[in-house]
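Here's the letter readout for the chains.
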Amino acid sequence: GFQVEAFRRLGMRPCGLDIGANSIAYARNNFEKSNFYCEDFSKFLSREMKFKLIFSSEVIEHIVQLDEYMEFLYNNLETKGYVYITTPNIDSDLVPKNILDWDVFNPPRHVQFFGPENLKRLFLNHGFTVKKRFRGPKA
């Protein structure tokens, strides 16, 4: 809800999507000027909504069916639209030598792990063009 509200304040018409009922309830109660959907990818796809920007933060590492997720992104994106995605970087120098000591490594909560190259390959294989990579302060 916080990110949706930030985009709304910038003049966009955003909406939020989550499968967590508690998250959506919180967002609806605190950010009433935006729309929030508590549903899975396939149900949201049936809405046939298109976006110039899809902001997906800390989601992909939770997804078991990556092809379904990538299809969701591709089919909800306008032509010449952008996907901005964040996910932990397993290739980061900040990841402990013993990966079991990394607070992010916690299956089954996180089921996918990405570095820059395999994430780029995933997007290219699903019809996207990678424009830019941003580095964050965390792994």
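Residues numbered from 1 in each chain as written. Predicted model: local features only at pLDDT ≥ 70, side-chain atom pairs only at ≥ 80, totals over all residues. Heavy atoms only, no water.

Undergrad: I tried to follow the overall build of the chain on my own but got confused; where do I start?
TA: In terms of regular secondary structure, the chain is built from five helices and four strands. Of the regular secondary structure in the chain, the N- to C-terminal order runs α-β-α-β-α-β-α-β-α. Over its C-alpha atoms the chain spans a radius of gyration of 16 Å, differing by no more than 12% from the 14 Å that the globule rule assigns to 139 residues. Split into buried and exposed, the 139 residues of the chain put 32% on the buried side. (Helix = DSSP H or I, 4+ residues; strand = E, 2+ residues; numbered from the N terminus. Rg over C-alpha atoms; globule rule 2.2 N^0.38 Å. Buried < 20%, exposed > 50% of the residue type's maximum accessible area, 1.4 Å probe, protein only.)

Undergrad: It is not clear to me how helix 1 (residues 2–9) should be interpreted in this structure. Could you clarify?
TA: A turn of α-helix holds 3.6 residues, and therefore any two residues three or four places apart point the same way. Turning to helix 1, its buried residues number three or more, namely Val4, Glu5 and Phe7. Projected down its long axis, helix 1 carries its buried residues within an arc of 160°, all on one side. Residues of helix 1 that are exposed and point over 90 degrees away from its buried face: Phe2 and Arg9. Looking at the buried side of helix 1, the elements it contacts are strand 1 (15–18), strand 2 (35–38) and strand 3 (51–57). (Arc of directions from axis to C-beta. Contact = heavy atoms within 4.5 Å.)

Undergrad: Got a minute to help me understand the packing of aromatic side chains in this structure?
TA: Two numbers describe a pair of aromatic rings. These are the distance of the centres and the angle of the planes. The tally for this structure, following the rule as stated, stands at 14 aromatic pairs. Centre to centre, the rings of Tyr37 and Phe44 are 5.3 Å apart; their planes meet at 70°, and the pair counts as edge-to-face. With relative accessibility at 14%, the residue Tyr37 sits in the buried group. Ring geometry for Tyr84 versus Phe134: centroids 5.9 Å apart, planes at 40°, classification tilted. Here the residue Tyr84 occupies a position in strand 4 (residues 77–86), and Phe134 occupies one in the segment after helix 5 (116–125), the gap between them amounting to 50 residues. (Phe/Tyr/Trp six-rings, centres within 6.5 Å; stacked < 30°, edge-to-face > 60°.)

Undergrad: How should I be thinking about a negative patch on the surface in this particular structure?
TA: A cluster of acidic residues, Asp40, Asp67, Glu68 and Glu71, forms a negative patch at the surface. Within the fold, Asp67 resides in helix 4 (residues 66–76). (Patch = residues over 30% accessible without salt bridge, like charges linked within 9 Å, V, L, I, M, F, W, Y side chains within 5 Å. Areas by Shrake-Rupley, 256 points an atom, 1.4 Å probe, with all protein chains shown as cover. Salt bridge = Lys/Arg side-chain N within 4 Å of Asp/Glu carboxyl O. Lys, Arg positive; Asp, Glu negative; His and termini not counted. Charge placed at Lys NZ, Arg CZ, Asp CG, Glu CD.)

Undergrad: Quick question: what am I supposed to make of the environment of Val64 here?
TA: When you line up the elements, Val64 lands in the loop between strand 3 and helix 4. Taking the relative accessible area as the measure of exposure, Val64 reaches 58% and is therefore exposed. With 41 residues separating them in the primary sequence, Val64 and Phe105 have C-alpha atoms 15 Å apart. The residues touching Val64, leaving out its near neighbours within four places in the chain, are Val111 and Gln112.

Undergrad: What should I look at first to understand the pattern of salt bridges in this one?
TA: For side chains of opposite charge, pairing can occur when their charged atoms come near one another. Counting across every chain of the model gives three salt bridges. Among the salt bridges present, the one from Arg9 reaches Glu5, with a minimum N-O distance of 2.9 Å. Here Arg9 pairs with Glu5, and both are found in helix 1, just four residues apart, close to one helical turn. In this structure, Arg47 and Glu39 form a salt bridge, with 2.7 Å as the shortest nitrogen-oxygen distance. For Arg47, a relative accessible area of 38% translates into the label partly exposed. The network of salt bridges with common partners includes Glu5, Arg8 and Arg9.

Undergrad: I keep staring at unusual backbone geometry and nothing clicks. Help me out?
TA: Backbone geometry follows two general trends: most residues other than glycine have a negative phi, and most peptide bonds adopt the trans configuration. The omega torsion of the bond from Pro107 to Pro108 falls at 10°, within 30 degrees of zero and hence cis. Checked against the element boundaries, Pro108 lands in the loop between strand 4 and helix 5. Positive phi outside glycine occurs at Glu58, with the angle close to 55°. Of note in this structure, Lys80 is not a glycine but carries a positive phi near 65°. For Lys80, a relative accessible area of 79% translates into the label exposed.

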